[in-house]
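Overview (structure and organization)
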Amino acid sequence: MTLRLFNTLSGQVDELVPADGEELRMYACGPTVYDYGHIGNFRTFLEVDVLRRFLKLTGTRVRHVMNITDVDDKIIRNAAAAGISIGEYTTQYVDAFFEDLGSLGVERPEIIARATDHIPRMVELIQGLEAAGAAYKTDDGSWYFRLRSFPEYGKLSKKDLSGMEDGARVDVDEYEKDSARDFALWKAAKPGETAWETAIGRGRPGWHIECSAMSMEFLGESFDLHAGGEDLMFPHHENEIAQSETVTHKPLARHWMHVRFLLVDGKKMSKSEGNFFTLRDLLLKGYKASAIRLALISVPYRHQLNFTFDGLVDATAAIERLRTFHQRLTGGTFAAGKNEAMQVAAHAARAQYFDALGNDLNTAEARAPVFELLRAANTAMDQGRFFTGDRDTVLKVLADFDAVFDVLEDRDSEPTRRALEWAEQAGRIGDVAPELLSRSALSDEEIENLVAERTKAKKMRNFASADQIRNELAEKGVILEDSKDGVRWKRK
């Protein structure tokens, strides 16, 4: 099955296929590790995860490269303020980033490239730009890209840049989004600043040259897909194209994917609005990592997502429905045979699921047939019209669903435990929701012992004691489910 994905460069939905017919080569901009990632960042990484998971599900091999920007203006400024090296400063946030990715179920790219490990390649690229007449050195030893040397500048963002001021320069990593100026390729070292001794002088790379150098180093001069958040389209991705294509005279990427921003309760997320959340903030409020994952991918990547706490509650309920249904499927006893109507429903749901994801990764439409199948299967079970052959067919649909959405298996306790440990170390235990503190007071082993004690009490017909244990567990956020196959428990 072929994926049809909106291509920012062409302005239309195009087929996404590997140029060599074998392996899709993709580059996705990673984090700038000056702080903990917020949910807007993670929406982008999750949508890229949906993309790569669907490609793999449909039989496409993926070579996915993600960069780590571990040197830029903010990092240098913050490290200096903390009185430590940029390496020491960024390590804590690199580790936290990958821990958070793991909590959200994001698969690791095949290649992770740290900017500071690839300085020589960046220097070579700048030398190539100088040879092409597109890079020039200023009196302070910095190097800039000459924008007028690339007439196609603006072709990705579709901005009209005809009025740009020739020769105007910008030397900071973050600048006005509509500012088209000669941008820094290499920044001369300032007193006390981290720097590298190179053939083009002592200094450090500009932000944009990092991605051009690393993407081409691992994927070649021209590759299949470049992805990132919509905020990177201009100027970052536009600058990448200009740098790379000036040297290679080839398209940097044939396909460009951009993920929309999210709002929080209808407003732009910002600390001044009080609606700025990292993943850890949400975990400490008692929300599950799986619910956060589902909520952040519930709206297709090209649509703006309005993130709300009601949406998290809805995602939590949807996951509980899925997990309860899966337990019923795998733990139930069914008669041999098949229900033809159920078979037809399952095959139709699977086809609709694949069609929705194949049509520009429409995650909202992909969910709908799976949950409708869940409803129909539960009804059939209640009426005794569900058989062993139906179970196998429906399980296949769930497996395909979870290959992309990845919320079926309950792995939520570990991210919550890590968040609580981090809160204690970071002096943020006061930010932990009281009910979460109560729930975390019981370990899995202690819950198992109480469940066994309750089972023993019931066998001895000491129902008062059994009820007391159930109530005690319920107060700690543990729900018991009695079935003919024994007692199952889960945390709220």
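Everything below is about the structure shown above.
Computed from a predicted model, the values in this text were never measured in an experiment. (Residues numbered from 1 in each chain as written. Predicted model: local features only at pLDDT ≥ 70, side-chain atom pairs only at ≥ 80, totals over all residues. Heavy atoms only, no water.)

Along its length, the chain carries 16 helices and 18 strands. A principal-axis box enclosing the C-alpha atoms of the chain has dimensions of 90 × 55 × 35 Å. The 492 residues of the chain split such that 52% are buried. Put simply, 75% of the contacts in the chain that link residues at least 6 apart link residues at least 24 apart. When the 64 positive and 79 negative side-chain charges of the chain are each reduced to one mean point, those points stand 4 Å apart. (Helix = DSSP H or I, 4+ residues; strand = E, 2+ residues; numbered from the N terminus. Buried < 20%, exposed > 50% of the residue type's maximum accessible area, 1.4 Å probe, protein only. Contact = heavy atoms within 4.5 Å. Lys, Arg positive; Asp, Glu negative; His and termini not counted. Charge placed at Lys NZ, Arg CZ, Asp CG, Glu CD.)

With that settled, consider the pattern of salt bridges. For side chains bearing opposite charge, pairing can occur when the charged atoms are close. Applying the stated rule across the entire model yields 41 salt bridges. Bridged by salt links that share partners, the residues Asp49, Arg52, Arg53, Lys56, Glu107, Glu110, Arg293, Asp406, Glu409 and Arg411 form one connected network. (Salt bridge = Lys/Arg side-chain N within 4 Å of Asp/Glu carboxyl O.)

Let us look at the environment of Thr58. Here Thr58 lies in the loop between helix H1 (39-57) and strand S4 (61-68). In sequence terms Thr58 and Gln425 are 367 residues apart; their C-alpha atoms lie 43 Å from each other. Setting aside chain neighbours within four positions, we find Thr58 in contact with Met1 and Phe354. Within polar-contact distance, the side chain of Thr58 engages the backbone oxygen of Leu55 at 3.0 Å. (Polar contact = N/O pair within 3.5 Å; in protein donor to acceptor, adjacent residues only side chain to side chain.)

Here the focus is the packing of aromatic side chains. Using the criterion set out here, one finds 20 aromatic pairs in the structure. Both rings, one in Phe45 and one in Phe97, keep their centres 5.1 Å apart while their planes meet at 75 degrees; by these two values the pair is edge-to-face. Separated by 52 residues along the polypeptide, Phe45 in helix H1 and Phe97 in helix H3 (residues 86-103) bring together distant segments of the chain. Both residues of the pair, Phe45 and Phe97, count as buried. In this structure an aromatic cluster arises from ring pairing among Phe54, Tyr353, Phe354, Phe371, Phe401 and Phe405. Here the guanidinium or amino end of Lys271 rests over the ring plane of Phe276, the centre of that ring lying 5.1 Å away. Above the plane of the ring of Trp422 lies Arg280, whose end atom (NZ or CZ) is 5.2 Å from the centre. (Phe/Tyr/Trp six-rings, centres within 6.5 Å; stacked < 30°, edge-to-face > 60°. Lys NZ or Arg CZ within 6 Å of the ring centre and 35° of its normal.)

This part takes up the sheet that holds strand S3 (residues 23-28). Pairing is parallel across the open sheet formed by 5 strands, whose spatial order is S5-S4-S3-S12-S13. Looking at the sheet topology across the chains shown, the edges are occupied by strand S5 (111-114) and strand S13 (253-259). Geometrically, the sheet is characterised by an average inter-axis angle of 20 degrees between neighbouring strands, direction not taken into account. Across 3 bridges, the pairing between S3 and strand S12 (residues 223-229) is parallel. Looking at S12, one finds that Tyr27 is bridged to His226. Across the face of the sheet, H1 comes into contact with S3, S4, S12 and S13 while running at roughly 160 degrees to S4. (Pairing = 2+ DSSP bridges. Axes fitted to C-alpha atoms, helices over the stretch in contact; angles between N-to-C directions.)

Here we take up the packing of helix H2 (residues 73-82) against H3. Following both chains from N to C, one finds H2 and H3 inclined at 105 degrees, their axes separated by 9 Å at the closest point. The orientation of H2 relative to H3 falls into the category roughly perpendicular. Residues Ile75, Ile76, Asn78 and Ala79 of H2 lie in contact with H3, whose contacting residues are Ile86, Tyr89 and Thr90. Here the residues of the contact of H2 with H3 are counted per class, giving 5 nonpolar, 2 polar and no charged. (Parallel < 35°, antiparallel > 145°, perpendicular 65-115°, else oblique. Nonpolar A, V, L, I, M, F, W, Y, C, P; charged D, E, K, R; others polar.)

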